[in-house]
Amino acid sequence: MTKAVRRMQEDIKLIDLIIEIVDARAPLSSRNPDIDELGKGKVRMVLLNKADLADPEANRAWIEHFTGLGIYALELNSKAGTGIKEISPAVSKACAEKIERDKKRGIKNRPIRAMVVGIPNVGKSTFINSLSGRAVTKTGNKPGVTKGKQWIKAGKDLELLDTPGILWPKFEDNDIGMRLAFIGSINDEIIVMEEMAADLIGYLDKIYPEVVTKYYGITTAGDSYHVLNAIGGKRGCLKAGGDIDMVKAARLLIDDYRAGRLGRMSLERP
C-alpha cells in the first residue's frame, strides 16, 4: 500500500487528468480516500462502472454528487462497452484549459495523459481494454490482477497510465468492508461465505425489502440464516445425506447478487 502510494505520488507529476473507476453499486466505499489528497490540483473524473447493476435513480444522484464537487462524472459499463464513446469527448472537455494552454505555447497534438486509478476489481483493466480497443491489460473477476504500471494509447489524443488497484489496509467503518466484500473487491478466499451471505441478506432487506425472498420464491421469515437455509433448500444445495449445503447456498446468493440477477440495486447513496 505505502509503496503503491509513493509510486503514484511520483507518477502524478506526469499526468493531466486522474480517471477514477468506482463500482456504481457502492461509489463511496469503492473509492480510495487517498486519491483526493494525491490528486489535488489535477483535473478529476469519476466513472461509475458496472452502472447497469446499480439502481438508476442512485446513479443519477451520484452523478450530481460528484459534479457538485467539481469532478466530471459518467456512468459506464465497460464490459458491454456502454458509455465508452462518451469518454474521449468528456476528457477533452475536462482538459479544455490544458489544451488551450498548449495551443498558446505552440504545442500541437500533444496527447492528454491520464492516470487510471481504482481499488481492486472495480473493472479498471476492462475499461482500459474497451477504451483502447484491444486487450492490453489482464482482466479477471478477482482482485489483484494488475501487477505494474504501463502506458496505453487510447487513440491519438489520449494516453492512459494504468496502475495496480490500491486498497487501504484497514477499514475504520465495518460497513465499508462489508459493502466491498459484497461487490467482490475483497478476495472471497479470506471470507467466510455463509457469514457474508447472511450479512448481504440482512443488508438488502433494509434497503430493498423482500427482494431476496421474492426472487427465490420463499416465504421464510426470521433471521438471515433461516433465509439462506431456505434458499439452499429451494435451489437444491444439498450435501450427501440431504442436509442443506450452506456454503453452496451462500455462493449461489452472492453470485446471483453480483451478476445483477436479483435486480439493479445500490448499496449506498450520497
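Structure's up top.
Residues numbered from 1 in each chain as written. Predicted model: local features only at pLDDT ≥ 70, side-chain atom pairs only at ≥ 80, totals over all residues. Heavy atoms only, no water.

Undergrad: Run through the pattern of salt bridges, naming residues and quoting values.
TA: Under the criterion given, the structure shown has 20 salt bridges. Between Arg25 and Asp23 there is a salt bridge, with its nearest N and O atoms 2.8 Å apart. Each member of the pair, Arg25 as well as Asp23, carries the same accessibility label: buried. Measuring nitrogen to oxygen at the nearest pair gives 3.0 Å for the salt bridge that ties Asp162 to Lys124. With a gap of 38 residues between them, Asp162 in strand 6 (residues 158-162) and Lys124 in helix 6 (residues 124-132) connect regions that are remote in the sequence. Looking at Asp162, the relative accessible area reads 0%, which means it is buried. Residue classification places Lys124 among the buried residues on the basis of a relative accessible area of 5%. Residues joined by salt bridges that share partners form a network here, namely Asp16, Lys98, Asp102 and Arg110. (Salt bridge = Lys/Arg side-chain N within 4 Å of Asp/Glu carboxyl O. Buried < 20%, exposed > 50% of the residue type's maximum accessible area, 1.4 Å probe, protein only. Helix = DSSP H or I, 4+ residues; strand = E, 2+ residues; numbered from the N terminus.)

Undergrad: Describe the sheet that holds strand 3 (residues 72-75), and please don't skip the residues or the numbers.
TA: Taken in spatial order, the 6 strands make up an open sheet running 3-2-1-4-6-5, and their pairing is mixed. Of all the strands in the sheet, the pair left with one neighbour each is strand 3 and strand 5 (150-153). Averaged over all pairs of adjacent strands, the angle between their axes in this sheet comes to 25 degrees, without regard to strand direction. Direction of pairing for strand 2 (residues 43-49) relative to strand 3: parallel, over a ladder of 4 bridges. (Pairing = 2+ DSSP bridges. Axes fitted to C-alpha atoms, helices over the stretch in contact; angles between N-to-C directions.)

Undergrad: So what's going on with the environment of Arg134? Which residues, and what values?
TA: Inspection of the secondary structure assignment puts Arg134 in the loop between helix 6 and strand 5. Relative accessible area serves as the criterion here: at 40%, Arg134 is assigned to the partly exposed category. Between the alpha carbons of Arg134 and Ala154 there is a distance of 9.4 Å; along the sequence they are 20 residues apart. Contacts of Arg134, omitting those with residues within four sequence positions, involve Asn129, Ile152 and Lys153. (Contact = heavy atoms within 4.5 Å.)

Undergrad: Give me the environment of Pro27: which residues, what numbers.
TA: Checked against the element boundaries, Pro27 lands in the loop between strand 1 (17-23) and helix 2 (34-38). Through-space distance from the C-alpha of Pro27 to that of Asn49 is 9.0 Å; in sequence the pair is 22 residues apart. Ignoring sequence-local partners within four residues, the contact set of Pro27 consists of Val22, Leu48, Trp62, Phe66 and Glu268.

Undergrad: Residue-level account of helix 3 (residues 56-68), with values.
TA: An α-helical turn contains 3.6 residues, so a residue and the one three or four places further along point in the same direction. An ideal rise of 1.5 Å per residue puts 18 Å on 13 residues; helix 3 measures up with 19 Å between its terminal C-alpha atoms. Inspection of helix 3 places Ala58, Asn59, Trp62, Ile63 and Phe66 among the buried residues, and these make up the whole buried set. With its buried residues spanning 145 degrees around the axis, helix 3 presents them on a single face. Exposed residues on helix 3 whose side chains face more than 90 degrees from its buried face are Glu57, Glu64 and Gly68. Against the buried residues of helix 3 lie strand 2 and strand 3. Two residues or fewer past helix 3, Gly70 is found with a positive phi of approximately 80 degrees. (Expected span 1.5 Å × (residues − 1). Arc of directions from axis to C-beta.)

Undergrad: Outline unusual backbone geometry, listing residues and values.
TA: Leaving glycine out, the prevailing phi sign among residues is negative, and the prevailing peptide bond configuration is trans. One non-glycine residue, Lys50, lies in positive phi territory at about 60 degrees. Here Lys50 shows up in the loop between strand 2 and helix 3. Look at Lys50 and you get buried, because its relative accessible area is 18%. Unusually for a residue other than glycine, Glu210 sits at a positive phi of about 70 degrees. Mapping Glu210 onto the fold places it in the loop between helix 8 (193-207) and helix 9 (211-216). Using a relative accessible area of 47% as the deciding quantity, one classes Glu210 as partly exposed.

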